[in-house]
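Understanding the architecture of this molecule
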Amino acid sequence: MKDMKDWIGKFFRGSISRREFVERAATGSLGLLSTMAVLEKQSLVAGRSSLVKGRLPVTSDQRPPTKRVRHDPDQTNVNPYEAWLKEEGIPVYRDYHITDLRAAEVKPWKRLGVLGAHIDLVGGEGVNAGYLCEIPPGAATTPQRYLFEEVIYILSGEGESVVWTPGGSKQSVKWQAGAVISPPLNVWRQHVNRGKTPVRFLSMNNAPVVIDLFHNADFVFNNDFAFRDRYNGEPDYFSAGPENFHHKRTTPENSEIARGVHTWDSGFVPDARSIGLAVVKERGEANSRVELQLAENTMQAHISEFDVGTYKKAHRHGPGSHVVMLNGRGYTLMWKDTIKYSESKTQVRVDWQEGSLFVPPDGWFHQHFNAGPEPARYLAPTWGGDGKWFMRALGGGGRTHRLGKTSTRKGGNLIEYEDEDPTIKEIFEAELRKSGVKSRMRSNKGEES
Ligand SMILES: [Fe+2]
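Residues numbered from 1 in each chain as written. Predicted model: local features only at pLDDT ≥ 70, side-chain atom pairs only at ≥ 80, totals over all residues. Heavy atoms only, no water.

**Here we look at the overall build of the protein**
The cut-off we apply is this: Note on conventions: DSSP H or I runs of at least 4 residues are helices, E runs of at least 2 residues are strands, and numbering of each starts at the N terminus. The buried label applies to any residue whose accessible area, calculated with a 1.4 Å probe on protein chains only, is under 20% of its type's maximum; exposed applies above 50%, and partly exposed to all values in between. Contact criterion: two residues are considered in contact whenever any of their non-hydrogen atoms come within 4.5 Å of each other. Surface exposure here means Shrake-Rupley accessible area, sampled with a 1.4 Å probe, where a residue is shielded only by the protein chains that are shown.
A count of helices and strands for the protein gives 8 helices and 27 strands. Across the 449 residues that make up the protein, the buried fraction comes to 55%. Pairs at least 24 residues apart make up 71% of the contacts formed inside the protein by residues separated by at least 6 positions. Carbon and sulfur atoms make up 51% of the accessible area of the protein, which amounts to about 20,200 Å² in all.

**Description of the nonpolar core**
One broad trend across soluble globular proteins is that nonpolar side chains are buried collectively. Under the convention used in this document: Buried Ala, Val, Leu, Ile, Met, Phe, Trp, Tyr and Cys residues form a nonpolar core when they are joined through side-chain atoms within 4.5 Å.
Ranked by size, the top nonpolar core spans 35 residues in total, and within it Cys 133, Phe 201, Val 220, Phe 221 and Phe 238 carry the most contacts. In this structure, Val 220 is in contact with Arg 145, Tyr 146, Leu 147, Phe 148, Asn 186, Val 210, Ile 211 and Phe 214, ignoring residues within four places of it in sequence. Listed in part, the 32 residues of the second largest apolar core include Ile 98, Met 299, Leu 357 and Trp 383.

**A look at the coordination of the iron ion**
For the record, the criterion: Metal coordination here is assigned from N, O and S atoms located within 2.8 Å of the ion, or within 3.2 Å for Na, K and Ca; omission of water means that sites may look incomplete.
Taken together, His 315 (NE2), His 317 (NE2) and His 366 (NE2) make up the protein donors of the iron ion, found 2.1 to 2.2 Å from the metal. Each donor residue of the iron ion belongs to the same chain, and together they define the spacing H-x1-H-x48-H. Taking relative accessible area as the criterion, His 317 reaches 10% and is therefore assigned buried.

**Brief notes about the pairing of strand S20 (residues 330–335)**
In the case of a regular strand, side chains alternate between the two sheet surfaces. Just so we agree on the cut-off: Pairing between strands is defined by DSSP: at least two bridges between them are needed.
Burial analysis of S20 places 6 of its 6 residues in the buried class, which makes it a mostly covered element. Residues of S20 alternate between two faces, with Gly 330, Thr 332 and Met 334 on one and Tyr 331, Leu 333 and Trp 335 on the opposite face, all of them buried. Strand direction decides the pairing type here: S20 and strand S21 (residues 347–352), joined by 6 bridges, are antiparallel. Of the residues in S21, the one forming a bridge with Leu 333 is Arg 349. Pairing analysis gives 6 bridges linking S20 to strand S23 (residues 365–370), with the strands arranged antiparallel. Of the residues in S23, the one forming a bridge with Tyr 331 is Phe 369.

**What to know about the confidence of the model for the protein**
The criterion, for reference: pLDDT measures the predictor's confidence residue by residue and takes values from 0 up to 100.
Considering every residue of the protein, the mean pLDDT works out to 87; 83% of them sit at 70 or more. Ignoring residues within four places in sequence, the model shows residues 46–54, a span with pLDDT below 50, making 15 contacts including any to other chains. Contacts for the low-pLDDT stretch residues 58–62, under 50 throughout, to residues beyond four places or in other chains number 13 contacts.

**As for the sheet that holds strand S8 (residues 171–176)**
How we decide: To get an axis, a line is fitted to the C-alpha atoms, and for a helix only the part in contact is used. The angle between two axes follows their N-to-C directions and goes from 0 to 180 degrees.
With antiparallel pairing, the 3 strands of this open sheet are ordered in space as S8-S7-S10. For this open sheet the edge positions go to S8 and strand S10 (188–193), each flanked by a neighbour on one side alone. Sheet twist, expressed as the average angle between the axes of neighbouring strands with direction ignored, equals 20°.

**So, unusual backbone geometry**
Here Glu 125, not a glycine, exhibits a phi torsion of approximately 50°, which is positive. Take Glu 125: it is sitting in the loop between strand S4 (114–119) and strand S5 (129–135). Since its relative accessible area comes to 33%, Glu 125 is described here as partly exposed. The phi torsion at Glu 296 lies on the positive side, around 55°, for a residue other than glycine. Relative to the elements of secondary structure, Glu 296 occurs in the loop between strand S16 (287–294) and strand S17 (300–306). Here Glu 296 falls in the partly exposed class, since its relative accessible area comes to 26%.

**A few points about the pattern of salt bridges**
Applicable threshold: Put simply, a salt bridge is a Lys or Arg side-chain nitrogen that is within 4 Å of an Asp or Glu carboxyl oxygen.
Considering all chains together, one arrives at 21 salt bridges under this definition. For the salt bridge of Glu 296 with Lys 388, the shortest nitrogen-to-oxygen distance reads 2.8 Å. Here Glu 296, found in the loop between S16 and S17, pairs with Lys 388, found in the loop between strand S24 (376–382) and helix H7 (392–395); they are 92 residues apart in sequence, far enough to count as distant. Between Arg 349 and Asp 351 there is a salt bridge, with its nearest N and O atoms 2.7 Å apart. Exposure remark for Asp 351: the relative accessible area of 43% places this residue in the partly exposed category.

Next up, the structure:
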């Protein structure tokens, strides 16, 4: 009996897990009713103590408390996502951008059993965020599942992701640098390094929205619900073949591009750097793109490429679009409040290369410039675009991702070339002179055809 008292004490102090305690109780001398009483009391205490300190109830194998947890009546403006980041215990990047995701520092990460860093850039604004994960050769992440969507870009190395639902068979997807994979919502996932060099990947996700809304880590990270409307073990779910291309029909009522949208519909893209794109002239004539409809996510993504000696038109939209550069060299200007860049009191310039990441803040104009000798391509998970779903709270109203192809003259959020600040072209031409690249932009008319 003393032995069991010691175990109960350890359980309350958190040095043994709930599962270990239950197994011990079942084989020991503690009766069923006593076991349940201990479990219920521990749940209540664990939940109360963490919330009082402004932390989430963090458990990996507990049932949620069966009784209401009373909050500290003086608790004010605790941000659940911020509290969760603190508990994760790894670096958090918070600037407007990260110059090179491949070189950014990562540290041991207890939850995943490998190395990592969180990314909570200014433009994420509590809507979208990300993390970096590095898996040494021969290692694998601890299996995870959670109630937020994520789009993973493989920055370096080769390996595979294994996914499964409770009671279902495992499915493996092999990948290498340049691939994109989106494990479906709340599906178990484990990432394995199968190469001789470290694997590093970037996850872009909507964890802040979900964690802030429910502020209960047990619900978010230990939830048995299976979203079978999104994934039910289909063997071709992560297929990589050309059958995933789809010319999606659109109408003037549901899209600004009424002639249809070039789309890829799968949970996987074998190589985002070489996937076929289609010309889309609304954002610049030498601009091409493909819309990614990944894993039935509400978040969608697109890949965009713009040619040598050109730049895209400036536009603005709501927060959260994580732009990760897949290749090329250039810069992006971000500013707010005015159409004329030089008149804005808030200007941010991001010089980018392969592996750079930046997030334009809510409602800021931003404009991408190719200053290098090769086409430049990026991947951008976001709430807007022409995906399957539209989340009104995050893509509509004042935070619109719509009207992104409609001129500011018509009340939209796109600055036509002829309306842009002349300073824009002066900066661009000076940059091209430095790199010896010839401009293809005609005066006030866009680029040469
Ligand atoms: Fe944008």
